[in-house]
Amino acid sequence: MKYTLTLSRWHKVAERINTALKERESNVKKAFTATAVSAWNKEGIEEKAATIARRAADDLELIETGARAVAQIRAALAIRNAELGIAARLAEAEAAGRGVALYKSVIEGQDADMVRPESVRGLPATLVGDSDPIGFGRRATPTVTLQTADAPLLESLRAKLARERARATRLLDEVADLNREKLDIDVPQEVLEIAGLAA
């Protein structure tokens with residue numbers, strides 16, 4: 001049966017089918033490999049075994065049909081996504097997001113206790129530290145964190161941060177808009193219920 005849904009809805013349908021199939025796969029495996037009974041309970045075992053095997057065979061058939069349906073949906077989505085340039089936009093948005101994270105961490109990592117390299121020589125002698133309390137004559141060596149990012153660099157990172165954040169937002173908005181595009185796909189009758197498409 002042919003359905004016309006948005007791209008984002010098709011992604012959800014494929015995920016819904018996959019979730020249902022995973023549960024049934026577990027049941028089929030258990031039915032065919034781990035069905036156990038008590039040795040003393042022999043009454044009607046043939047009937048019970050036949051029922052279990054029949055249900056598992058039905059589920060196996062649904063799993064096979066559902067897997068083909070998911071593959072068909074994903075293939076159609078991949079073609080349409082490529083035509084619309086969705087993957088390219090997502091890759092660009094990811095790159096922008098990495099830049100945003102880096103610029104933000106450098107900017108937010110600046111601390112008032114940092115010392116510019118040219119100021120290190122002017123630090124007070126009291127920062128040299130006390131002698132080793134155990135008596136080995138070593139001195140504790142305090143450390144200072146150097147501020148290697150100068151003001152022009154930080155200003156340029158702030159500008160890049162704003163630009164890349166805006167670019168990532170714009171690209172993700174474009175992807176959201178493109179995911180509203182409609183796509184026609186045939187879905188087998190057998191999987192309509194687990195796909196959430198049965199009326």
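The structure contained in this document is the topic of the report that follows. (Residues numbered from 1 in each chain as written. Predicted model: local features only at pLDDT ≥ 70, side-chain atom pairs only at ≥ 80, totals over all residues. Heavy atoms only, no water.)

### Topic: the overall build of the chain
For the chain, the helix and strand inventory stands at five helices and two strands. Ordering the α and β elements of the chain from the N terminus gives β-α-α-α-α-β-α. For 199 residues, the compact-globule formula gives about 16 Å, and the C-alpha radius of gyration of the chain, at 32 Å, lies well above that figure. Principal-axis analysis of the C-alpha atoms places the extent of the chain at approximately 90 × 55 × 20 Å. Counting all 199 residues of the chain, 27% fall into the buried class. A fraction of 84% describes how many contacts in the chain between residues 6 or more apart in sequence connect residues 24 or more apart. For the chain, the accessible area works out to roughly 13800 Å², and carbon and sulfur atoms hold 54% of it. Charge centroids of the chain, computed over 30 positive and 30 negative side chains, lie 2 Å from each other. (Helix = DSSP H or I, 4+ residues; strand = E, 2+ residues; numbered from the N terminus. Rg over C-alpha atoms; globule rule 2.2 N^0.38 Å. Buried < 20%, exposed > 50% of the residue type's maximum accessible area, 1.4 Å probe, protein only. Contact = heavy atoms within 4.5 Å. Areas by Shrake-Rupley, 256 points an atom, 1.4 Å probe, with all protein chains shown as cover. Lys, Arg positive; Asp, Glu negative; His and termini not counted. Charge placed at Lys NZ, Arg CZ, Asp CG, Glu CD.)

### Structural notes on the pattern of salt bridges
Applying the stated criterion across every chain, the model contains twelve salt bridges. Linking Arg74 and Glu15 is a salt bridge whose minimum nitrogen-to-oxygen distance equals 4.0 Å. Separated by 59 residues along the polypeptide, Arg74 in helix H2 (residues 45-84) and Glu15 in helix H1 (residues 7-33) bring together distant segments of the chain. Accessibility expressed as a relative area gives 41% for Glu15, which makes it partly exposed. (Salt bridge = Lys/Arg side-chain N within 4 Å of Asp/Glu carboxyl O.)

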